[in-house]
Every structure is written in structure tokens, then in C-alpha cells.
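# Coordinate inspection notes
This is what each chain is made of:
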Amino acid sequence: VQLQASGGGLVQAGGSLSLSCAASGRAFDNYAWSWFRQAPGKEREFVAGISRGGSKTTYADSAKGRFTVSRDGAKNMVYLQMSSLQTEDTATYYCAAGVARPGVVLASGNGMNYWGKGTLVTVSS
């Protein structure tokens, strides 16, 4: 499975941005999908995830109420819609896929099998 994240850019605080992750390869529906981010000088952290089939989503506390993760199995796409962005959201965002049972969201990077190249999100004050 190959993943390609896109949609990053520069946005003012309070603004919105939508990230996309295109997946190529087979068995899209066999994977749980998650977004992680890594800010300069900081460790990578979980942002949001969605289970196989999309029945369950989980968010980091920092993302709750502001970010929405979704998937489109027909298009092999995963999305992260971000609103009310803050300067603390500035980071490189990565999409990742991991083998999981239905209904399970993977919130640890150790559980992911595939990673895409990141897309940089910069939030200015």
C-alpha cells in the first residue's frame, strides 16, 4: 500500500484546511487509517483515526471538536478536515494505515504498517 498525503499549506489562525490521503494498492477496506503529526523539535503524535469500514473514529484531545477524519472506500481516500486551526497545530501531518480488526482505531504509530510522506501545515498568528 502506498500513501500520499496532500492539502497542507499556510493558513491563518482560526482558519480551516482539509488534508487528503490517497491510497494505492489493494485491500483498502482491510486497514484502519490514522493521521499523525510531528512539529519541529517534538515527537510524533496521534491526531485522529478511523476504523475499517469507518464505523468508529477517535481523536486526540487537541483535535476533538475541531478535526474530522473520514474515508471513502470507493475512492481509496482518507481525509482530515481541520477547522479553528491554532498555531500549535503547525506540523507535518502524516497518514498511515494499519491492519486491524473491524471497529478498532489505531492510535499508536507502532501499530501502523504503512506511512505516507507528510504534508506540512503551517498556521500563522
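As a reminder, the structure under discussion sits directly above these lines.
From a predicted model like this one, the values you see are computed outputs, not experimental measurements. (Residues numbered from 1 in each chain as written. Predicted model: local features only at pLDDT ≥ 70, side-chain atom pairs only at ≥ 80, totals over all residues. Heavy atoms only, no water.)

In this section: the nonpolar core. Within soluble globular proteins, side chains that are nonpolar tend to cluster in buried spots. Counting 29 residues, the largest nonpolar core has Trp-33, Trp-35, Phe-67, Leu-80, Met-82 and Tyr-93 as the members making the most contacts within it. Elements represented by at least two residues in this core include exactly strand E1 (2–6), strand E3 (17–24), strand E4 (31–38), strand E5 (45–50), strand E7 (67–72), strand E8 (77–82), strand E9 (91–99) and strand E11 (119–124). If we skip the residues at most four places from it in the chain, Trp-33 touches Val-1, Leu-3, Ala-23, Phe-28, Ala-48, Gly-49, Ile-50, Arg-71, Val-78, Ala-96 and Ala-97. Grouped together as the second largest cluster of nonpolar side chains are nine residues, Ala-32, Phe-36, Ala-100 and Met-112 included. (Core = buried A, V, L, I, M, F, W, Y, C linked by side-chain atoms within 4.5 Å. Buried < 20%, exposed > 50% of the residue type's maximum accessible area, 1.4 Å probe, protein only. Helix = DSSP H or I, 4+ residues; strand = E, 2+ residues; numbered from the N terminus. Contact = heavy atoms within 4.5 Å.)

Another aspect to go through is the packing of aromatic side chains. All chains considered together, the criterion is met by five aromatic pairs. Their ring planes at 85 degrees and their centres at 5.7 Å tell us that Tyr-31 and Tyr-114 sit as a pair that is edge-to-face. A residue pair is termed long-range when its members are at least 10 positions apart, and Tyr-31 in strand E4 and Tyr-114 in strand E10 (residues 114–115) qualify at 83 residues. Tyr-31 gets classed as buried once you look at its relative accessible area, which sits at 10%. On the basis of relative accessible area, Tyr-114 is assigned to the partly exposed category, the value being 30%. Ring centres 5.8 Å apart and planes at 75 degrees place the aromatic pair Phe-36 and Phe-46 in the edge-to-face group. Of the two residues, Phe-36 sits in strand E4 while Phe-46 sits in strand E5, which places them 10 residues apart along the sequence. Accessibility classification places Phe-36 together with Phe-46 in one group, the buried group. An aromatic cluster of at least three residues, connected via ring pairs, comprises Phe-28, Tyr-31, Trp-33 and Tyr-114. (Phe/Tyr/Trp six-rings, centres within 6.5 Å; stacked < 30°, edge-to-face > 60°.)

Evaluated as defined, the whole model comprises one disulfide. The residue that forms a disulfide with Cys-21 is Cys-95, at a sulfur-sulfur distance of 2.1 Å. Judged by the sign of its S-S torsion, about 65 degrees, the bond between Cys-21 and Cys-95 is right-handed. Residue Cys-21 is located in strand E3, and its partner Cys-95 is located in strand E9; the two are separated by 74 residues in the primary sequence. Overall, the relative accessible area of 0% leaves Cys-21 in the buried class. (Disulfide = S-S within 2.5 Å.)

Secondary-structure assignment places Gln-2 in strand E1. Look past the residues within four positions of Gln-2 in its chain and what remains in contact with it is Ala-22, Ala-23 and Ser-24.

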